[in-house]
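# Analysis of the macromolecular model
The lines below spell out each chain.
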Amino acid sequence: AAAQAKASYDVIQNLQEEIVSAILQNSTENDASSLAASDAAAQARNLTYIAVLSALAIIMAGAIWMTINAISRPLQHLASLMERLAKGDLSVDITRQNQKDEVGVMSRAVGVFKSNAEAVKRMEAEAEAAKVKAEAERKKSMLDLANNFEQAVGGIVSIVSTSATELQAAAQ
């Protein structure tokens, strides 16, 4: 019986060692699987970050492009038109006045500046024409006054001369 108990004990001991070995092997395999899954999750997370950052970069590039094309270039064009207007060039063509955004509002304002500049130029020309006309009228008035004075003086001289001649004739 003792030999049989020892044999049973040895069998149980061997089974216990095999179970512990299988558990350790399974644990090692699970650790390797867990490590592989963790690496895969990290790679997936990194790829997600890259995809999100790439999408954000594309969106930002699109926003910058839209800002340049929709706002910056039209504003630069309006600035150059205003510069030309400020220098007195009234031949500029104000575009984009029909747009319903801020650029359209600014274009209409520049159009008002142009209209006002044209009105000022027209008034200056009218004032200059009025000045030339007034100067011509003043000269004509001066000439008429001089002519009238000459005629009046000539008439007086003629009367005085005639009277002097009559007095001289009467005195003789």
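This text follows the structure it describes.
The rules behind these values
- Residue numbering note: each chain is counted from 1, following its sequence as written.
- The predicted nature of this model means local features are confined to residues of pLDDT at least 70 and side-chain atom pairs, given and counted, to a pLDDT of 80 or more, with totals for whole chains, interfaces and linings taken over all residues.
- Only heavy atoms go into the side-chain values, all of them from the structure, while hydrogens and water stay out.
- Where helices and strands are cited, they refer to DSSP runs of H or I of at least four residues and of E of at least two residues respectively, numbered from the N terminus.
- Based on C-alpha atoms, the radius of gyration is set beside the globule rule, defined as 2.2 Å times the residue count to the power 0.38.
- With a 1.4 Å probe rolled over the protein chains alone, any residue whose accessible area is under 20% of its type maximum counts as buried; one over 50% counts as exposed, and the rest are partly exposed.
- Only heavy atoms enter the contact rule, under which two residues are in contact if any of them lie within 4.5 Å.
- Areas reported as accessible are Shrake-Rupley estimates using a 1.4 Å probe. Residue values count occlusion only from the protein chains shown.
- Under the counting rule used here, the positive set is Lys and Arg, the negative set is Asp and Glu, and His together with the chain ends is not counted.
- For the purpose of locating charges, the reference atoms are NZ of Lys, CZ of Arg, CG of Asp and CD of Glu.
- The definition of a nonpolar core used throughout is a set of buried Ala, Val, Leu, Ile, Met, Phe, Trp, Tyr and Cys residues joined through side-chain atoms within 4.5 Å.
- Only one rule defines a salt bridge in this text: a Lys or Arg side-chain nitrogen within 4 Å of an Asp or Glu carboxyl oxygen.
- Exposure above 30% relative accessible area and the lack of any salt bridge qualify a residue for a patch; like charges then connect within 9 Å, and the nonpolar side chains Val, Leu, Ile, Met, Phe, Trp and Tyr within 5 Å.
- Expected helix span is computed as 1.5 Å times (number of residues minus one).

### Here's the deal with the overall build of the protein chain
Broken down by element type, the protein chain carries 2 helices and 0 strands. For a compact globule of 172 residues, the expected C-alpha radius of gyration is about 16 Å, and the protein chain comes in at 56 Å, more than 25% above that figure. In the protein chain, which comprises 172 residues, the proportion classed as buried is 8%. Here the contacts in the protein chain between residues at least 6 apart in sequence split such that 38% fall between residues at least 24 apart. Roughly 13900 Å² of accessible area belongs to the protein chain as shown, and the carbon and sulfur atoms make up 64% of that amount. Across the protein chain, 16 positive and 20 negative side-chain charges occur, with their mean positions spaced 12 Å apart.

### Regarding the side chain of Ser107
Relative to the helices and strands, Ser107 is located in helix H2 (residues 102-171). Look past the residues within four positions of Ser107 in its chain and what remains in contact with it is Leu78, Ile94, Thr95, Arg96 and Gln97.

### Regarding the nonpolar core
Residues Leu78, Leu81, Leu85, Val92, Ile94, Val103 and Val110 constitute the largest nonpolar core, which totals 7 residues. Among the secondary structure elements, those contributing two or more residues to this core are helix H1 (2-86) and H2. With 3 residues, H1 is the largest single contributor of residues to this core. When neighbours within four sequence positions are excluded, Ile94 is seen to be in contact with Leu81, Leu85, Ser107, Val110, Gly111 and Lys114.

### Some words on unusual backbone geometry
Residue Arg96 is not a glycine yet carries a positive backbone phi of 65 degrees. Among the structural elements, Arg96 can be located in the loop between H1 and H2. Judged by relative accessible area, Arg96 falls into the partly exposed class, the value being 36%.

### A word on the pattern of salt bridges
Close approach of charged atoms allows side chains with opposite charge to pair. One pass over the structure, following the stated rule, counts 3 salt bridges. Residue Arg84 pairs with Asp89 through a salt bridge whose shortest N-O separation is 3.0 Å. For Asp89, a relative accessible area of 26% corresponds to the partly exposed category. The partner of Asp144 in a salt bridge is Lys140, with the nearest N and O atoms 3.3 Å apart. Of this pair, Asp144 and Lys140 both sit in helix H2, 4 residues apart, which is roughly one turn of the helix. The class of Lys140 is exposed, set by a relative accessible area of 53%.

### A closer look at a nonpolar patch on the surface
Where nonpolar side chains cluster on the molecular surface, the patch consists of Tyr49, Val52, Leu53, Leu56 and Ile59 and spans about 530 Å² of accessible area. Tracing the backbone shows Ile59 in helix H1. With relative accessibility at 56%, the residue Ile59 sits in the exposed group.

### Focus: H2
End to end, H2 covers 101 Å across 70 residues, agreeing with the expected 104 Å (1.5 Å per residue, within 8%). For H2, the full list of buried residues reads Val103, Gly104, Ser107, Val110, Gly111, Lys114 and Ala119.

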